[in-house]
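# A closer look at the structure
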Amino acid sequence: MNRPAYVESPCISVCQLDDATGLCLGCWRTRDEIAVWGRADTETRLAILEKLHERREHARGVRRRENRRRGKRT
């Protein structure tokens, strides 16, 4: 697999950390991941992107199941 020469930041300018999870509400990164991004190499950036995609998918999957259950009970 070809690695990109540059990996763009996932920041969408919604920079607010959730107190409960410690994740940015905009990009799903942790404070540490945000801090290291500017000096991270491509491999590290790709690893961070993979983690945030997994977090987002997990959160969306949980919400979908909860919504379906709530709909069936009503």
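Structure: see above.
A brief look at the structure comes next. (Residues numbered from 1 in each chain as written. Predicted model: local features only at pLDDT ≥ 70, side-chain atom pairs only at ≥ 80, totals over all residues. Heavy atoms only, no water.)

### Here we look at the environment of Val14
Mapped onto the secondary structure, Val14 falls in the segment before α1 (31-37). Val14 sits in the partly exposed class, given a relative accessible area of 39%. Put simply, Val14 and Leu25 are eleven residues apart on the chain and 6.6 Å apart in space, counted from C-alpha to C-alpha. Contact partners of Val14, with chain neighbours within four places excluded, come to Cys24, Leu25 and Gly26. (Helix = DSSP H or I, 4+ residues; strand = E, 2+ residues; numbered from the N terminus. Buried < 20%, exposed > 50% of the residue type's maximum accessible area, 1.4 Å probe, protein only. Contact = heavy atoms within 4.5 Å.)

### Observations regarding unusual backbone geometry
Not every positive phi belongs to a glycine, and Ser13 is a case in point at roughly 65°. Topologically, Ser13 is positioned in the segment before α1. On the basis of relative accessible area, Ser13 is assigned to the exposed category, the value being 64%. You will see that Trp28, though not glycine, has its phi angle at about 70°, which is positive. Of note, Trp28 is situated in the segment before α1.

### Some details on the packing of aromatic side chains
Evaluation of the coordinates by the stated rule reveals zero aromatic pairs. Positioned above the aromatic ring of Trp37 is the side chain of Arg29, whose terminal nitrogen or guanidinium carbon lies 5.2 Å from the ring centre. (Phe/Tyr/Trp six-rings, centres within 6.5 Å; stacked < 30°, edge-to-face > 60°. Lys NZ or Arg CZ within 6 Å of the ring centre and 35° of its normal.)

### Looking at the state of the cysteines
Inspection of every chain in the model, using the stated rule, returns zero disulfides. The thiol of Cys11 is not disulfide-bonded; the next cysteine sulfur, from Cys15, is found 3.9 Å away. Overall, Cys11 belongs to the partly exposed group, its relative accessible area being 37%. Note on Cys15: relative accessible area 63%, which makes it exposed. (Disulfide = S-S within 2.5 Å.)

### Looking at the side chain of Arg45
Along the chain, the position of Arg45 falls in helix α2 (residues 42-73). Lacking a salt bridge, the buried Arg45 has Asp41 as its closest oppositely charged neighbour, with an N-O distance of 7.3 Å. For Arg45, the side chain forms a polar contact with the main-chain oxygen of Trp37, separated by 3.0 Å. Ignoring any residue separated from it by four or fewer positions in sequence, one finds Arg45 in contact with Tyr6, Val7, Trp37, Gly38 and Ala40. (Lys, Arg positive; Asp, Glu negative; His and termini not counted. Salt bridge = Lys/Arg side-chain N within 4 Å of Asp/Glu carboxyl O. Polar contact = N/O pair within 3.5 Å; in protein donor to acceptor, adjacent residues only side chain to side chain.)

The analysis is restricted to geometry; functional conclusions fall outside its scope.
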